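# Commentary on secondary and tertiary structure
One-letter residues, chain by chain:
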Amino acid sequence: MTASTTRRTTAARSRIAAVGAIAVAGALILTGCGDQTEKGSASTPSGGTSKDNGAPLFSALPKKIQDAGVIKIGTDSAYAPMEFVEGGKIVGVDPDIAEALGKQLGVKMQFTAGTFDGLITSIYTGREDAIMSSITDNKQRQEGLDDKGQKIGKGIDFVDYFSSGLSLLVKKGNPEGIKSLDDLCGKTVAVQRGTTYEDAFKAQAEKCGDKKLTIQAFDTDAEAQTRVKAGGAVADLNDYPVAAYTVKTSGGGNDFEIAGQQSGVGLFGIGVSKENTQLRDALKQALDAIIKDGSYAKALEKWNVQDSAVKSATVNAGQ
């Protein structure tokens, strides 16, 4: 979950950096597999996997994936409406887009839940073929750099499929009168650890100077939201689609509201190994195909996030 972001043509989410100099946290690349156990999984069946597979783009896939009949995808399934668990299955915007991609490619798209800050590592280790979790495509992640610009990993490639803007989530009624990041100086905020949202708050903290901004970081965005709801923090930062969904669903619409305007604009990407250019290019072709046939738009409309649609697939277009 991403602050030039935004998870992330009107709204742009991020889990690209949003407001200020946002760089991927070193934890995204250095951390181990973390909680990469199978907390939940979801498969989106499409065509068969034999050599006579009739799916339009089956032949574009690497032979290893053709033989397996599945693309293994890592995600952090705690980011409604993008990806979350419902009835024991991972559902949301990303799984629905992936299902449409799978129909073009003729393989299953199998999601496995893990922690956000372990996703990039799961690509390095080969545990997953791809990662899709509202991840902001930025240069740091592409090049494997930490937040100081030091090389600490191989980096990954992104197929960009979604654009979004960042929004501040505050308690219903906005008791602190928050309208922008600058209004947070001297206050306490909550955020999910290892995201570009946390980076955005850190950048704002530097701007605040002596008027200290206190940042409380949590393993999940749900925990950060709970902190805001309880009054222990004045705001959480998230992609607009996620913030809007939270406002609508939490407490029957009585817990939160969005403060001020969206800030930043960025792209979410499907992450793949730099060594697996064939899979990357196949996913790009598939995304262009579902944009053209309308199934991409249908998936976004289902979750009311059509303003975050991209017009065509791009690779590593994040800044």
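The structure this text deals with has already been given above.
### Topic: the overall build of the protein chain
- If you tally the helices and strands in the protein chain, you get 10 helices and 15 strands.
- Every one of the 319 residues in the protein chain was classed for burial, and the buried ones make up 56%.
- Here the protein chain displays about 12600 Å² of accessible surface, and carbon together with sulfur accounts for 47% of that area.

### Some details on the pairing of strand β8 (residues 156-162)
- Across the seven residues of β8, seven count as buried, placing the element largely inside the fold.
- Bridge count for β8 against strand β14 (residues 268-273) is six bridges, and the pairing is antiparallel. Looking at the pairing, D157 lines up with V272 of β14.
- Examined bridge by bridge, β8 and strand β15 (residues 314-315) share two bridges and lie antiparallel to one another. Across the sheet, the residue bridging to V159 is V315, located in β15.

### Thoughts on the environment of W303
- Within the secondary structure, W303 is located in the loop between α10 (295-302) and β15.
- Since its relative accessible area comes to 18%, W303 is described here as buried.
- When neighbours within four sequence positions are excluded, W303 is seen to be in contact with P81, F84, G92, V93 and D96.

Here is what the cut-offs are and how they apply
Residues numbered from 1 in each chain as written. Predicted model: local features only at pLDDT ≥ 70, side-chain atom pairs only at ≥ 80, totals over all residues. Heavy atoms only, no water. Helix = DSSP H or I, 4+ residues; strand = E, 2+ residues; numbered from the N terminus. Buried < 20%, exposed > 50% of the residue type's maximum accessible area, 1.4 Å probe, protein only. Areas by Shrake-Rupley, 256 points an atom, 1.4 Å probe, with all protein chains shown as cover. Pairing = 2+ DSSP bridges. Contact = heavy atoms within 4.5 Å.

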